Amino acid sequence: MRATYRNDEEVARYHIESLLARYRRQVEALPEHLPRLYRRRVARSLAGQVALGGTIPVLVTAAAPCLPSLGDLRPGAVTAALLAACAVSACAYLAGLRLADARLRRALSREVQRSGDVHADRARLEAAAPEARVRGMVDAEERRSVALPLAGFVVLAPLLLHLVVYRLLGWFVMLNELSGGFDWWIRISVAIVGHVHAVVAYLAFHYARKLRQTSTRDLADDPPPGALRALGYAVLASAIPGVALWLLPTLVVALTGAFVMPAFAFARDRLLEERRQLGA
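Worth saying up front: this structure is predicted, and the values here are computed from it rather than measured.

Q: Hey, could you run me through a nonpolar patch on the surface in this one?
A: The grouping of Leu-248, Leu-251 and Leu-255 at the surface amounts to a nonpolar patch, some 310 Å² of accessible area in total. With respect to the helices, strands and loops of the structure, Leu-255 is situated in helix H10 (residues 248–260).

Q: Honestly, the nonpolar core in this entry has me stumped. Any pointers?
A: Soluble globular proteins tend to pack their nonpolar side chains together in the buried interior. Ranked by size, the top nonpolar core spans 40 residues in total, and within it Leu-82, Leu-150, Ile-186, Val-196, Val-200 and Phe-264 carry the most contacts. At the level of elements, helix H2 (33–62), helix H3 (77–109), helix H6 (142–169), helix H7 (175–213), helix H9 (227–242), H10 and helix H11 (262–279) are the ones that each hand at least two residues to this core. Top element by residues in this core is H7. It accounts for eleven residues. When near neighbours in sequence (up to four residues on either side) are disregarded, Leu-82 contacts Val-58, Leu-156, Leu-159, Leu-160, Phe-182 and Ile-186. If you look at the next biggest cluster of nonpolar residues, it comprises 15 residues, including Leu-37, Tyr-38, Ala-107 and Leu-108.

Q: What is the right way to look at the packing of aromatic side chains in this model?
A: Aromatic ring pairs are defined here through the distance separating the ring centres and the angle between the ring planes. Applying the stated criterion across every chain yields a total of three aromatic pairs. Measuring from centroid to centroid gives 5.3 Å for Tyr-166 and Phe-182, while their planes differ by 45°, and the two rings are tilted. Residue Tyr-166 is located in helix H6, and its partner Phe-182 is located in helix H7; the two are separated by 16 residues in the primary sequence.

Q: Just to check I follow, could you spell out H6 for this structure?
A: Residues lying three or four places apart along an α-helix face the same way, a consequence of the helix completing one turn every 3.6 residues. Here H6 is 28 residues long and its end C-alpha atoms lie 40 Å apart, about the 40 Å a rise of 1.5 Å per residue gives. Helix geometry: H6 is bent most strongly at Ala-157, by close to 35°, with proline Pro-158 lying one to four residues after it.

Q: It is not clear to me how H10 should be interpreted in this structure. Could you clarify?
A: Compared with an ideal rise of 1.5 Å per residue, which puts 13 residues at 18 Å, H10 spans 18 Å between its outermost C-alpha atoms and is within 8% of the ideal. Here H10 has its buried residues at Pro-249, Thr-250, Val-253, Thr-256, Gly-257 and Val-260. Down the axis of H10, the smallest arc covering the buried residues is 135°, so these residues share one side. Of the residues in H10, the exposed ones pointing more than 90 degrees away from the buried face are Leu-248, Leu-255 and Phe-259.

Q: Sorry if this is basic, but what is going on with a positive patch on the surface here?
A: A surface patch of like charges, here positive, comprises Arg-103, Arg-105, Arg-106 and Arg-110. Arg-105 gets classed as exposed once you look at its relative accessible area, which sits at 55%.

Q: Before we go on, may I ask you to explain the packing of H3 against helix H5 (residues 130–140) in this structure?
A: Packed helices, taken two at a time, are described by the angle between their axes plus the distance between the axes. One way to put it is that H3 packs onto H5 with a least axis distance of 10 Å and a crossing angle of 140°. For the element pair H3 / H5, the angle class is oblique. Helix-helix and strand crossings are classified by hand; for H3 and H5 the assignment is right-handed. Seen from H3, the contacting residues are Arg-103, Leu-104, Ala-107 and Leu-108; seen from H5, they are Pro-130, Arg-133, Val-134 and Met-137. In terms of residue class, the contact of H3 with H5 is built from six nonpolar, no polar and two charged.

Q: What is the right way to look at the pattern of salt bridges in this model?
A: Two side chains that carry opposite charge are able to pair once their charged atoms sit near each other. Here the structure, examined in full by the defined rule, presents eleven salt bridges. With a shortest N-O distance of 2.8 Å, Arg-41 and Glu-274 are connected by a salt bridge. Of the two residues, Arg-41 is situated in helix H2 and Glu-274 in helix H11; the sequence distance between them amounts to 233 residues. For Glu-274, a relative accessible area of 0% corresponds to the buried category. The salt bridge involving Asp-139 is made with Arg-212; its shortest N-O contact spans 3.0 Å. Of this pair, Asp-139 sits in helix H5 while Arg-212 sits in helix H7, and the two are 73 residues apart along the sequence.

Cut-offs applied
Residues numbered from 1 in each chain as written. Predicted model: local features only at pLDDT ≥ 70, side-chain atom pairs only at ≥ 80, totals over all residues. Heavy atoms only, no water. Patch = residues over 30% accessible without salt bridge, like charges linked within 9 Å, V, L, I, M, F, W, Y side chains within 5 Å. Areas by Shrake-Rupley, 256 points an atom, 1.4 Å probe, with all protein chains shown as cover. Salt bridge = Lys/Arg side-chain N within 4 Å of Asp/Glu carboxyl O. Helix = DSSP H or I, 4+ residues; strand = E, 2+ residues; numbered from the N terminus. Core = buried A, V, L, I, M, F, W, Y, C linked by side-chain atoms within 4.5 Å. Buried < 20%, exposed > 50% of the residue type's maximum accessible area, 1.4 Å probe, protein only. Contact = heavy atoms within 4.5 Å. Phe/Tyr/Trp six-rings, centres within 6.5 Å; stacked < 30°, edge-to-face > 60°. Expected span 1.5 Å × (residues − 1). Bend = angle between axes of the 7 residues up to and from the residue. Arc of directions from axis to C-beta. Lys, Arg positive; Asp, Glu negative; His and termini not counted. Charge placed at Lys NZ, Arg CZ, Asp CG, Glu CD. Axes fitted to C-alpha atoms, helices over the stretch in contact; angles between N-to-C directions. Parallel < 35°, antiparallel > 145°, perpendicular 65-115°, else oblique. Left-handed = near helix turned anticlockwise from the far one by under 90°. Nonpolar A, V, L, I, M, F, W, Y, C, P; charged D, E, K, R; others polar.

Structure below.
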């Protein structure tokens, strides 16, 4: 009886070696676009999270005059917080590429780890399908890779666009003086139309959910409303204080949104292209 059991284990070990060799060949034969898509989606998700988190220092520094505990901030502190949020978000994208590689390696190596039970190891390797595993990871990242970067962009991009315009209009002013002068604009924007940023960020998450629920064919032929709808809601939300201020905030929001809201269409096109690559 023991001899029969030992023979079964030896056969299982021999089978495991052949299964490991097959698994390595399958990993090496993975389509190149699958790991690339996963890296990009993870990187976008991380960059979007950092961008959204970067709005907190901007809001805190903008509210400094109402928070005596913060003391007097140096001129340009609010603008510096805005630029730092954008810069750290870009760095987070690069870090996300490396993070995705590490996740992929862990996920693929988990199938070849020995547990000490040769029969369980053999069963796991027989069922292993690295391409299906990677495809599942790519698919699981779809909604986050749209919602987070889109929300982060529509929250920070308007103020960044205003800073560029402000800089161009005041090209003859020293940068430190210009940055300090732009702080007041950020504070006014947060006070008057800060809620508009929150509305558009919510719409970004809602839009990502709609895209996730839409088939690839419908995404190409009849996509859910995105940019125009977001612009309409943004203008409508800005009208709450805008009516009392001769609609000037509404006009600024409409002009800014015309440059920022196309990001919704870009996110849809990017997702459609990725789905086509996955289905190829």
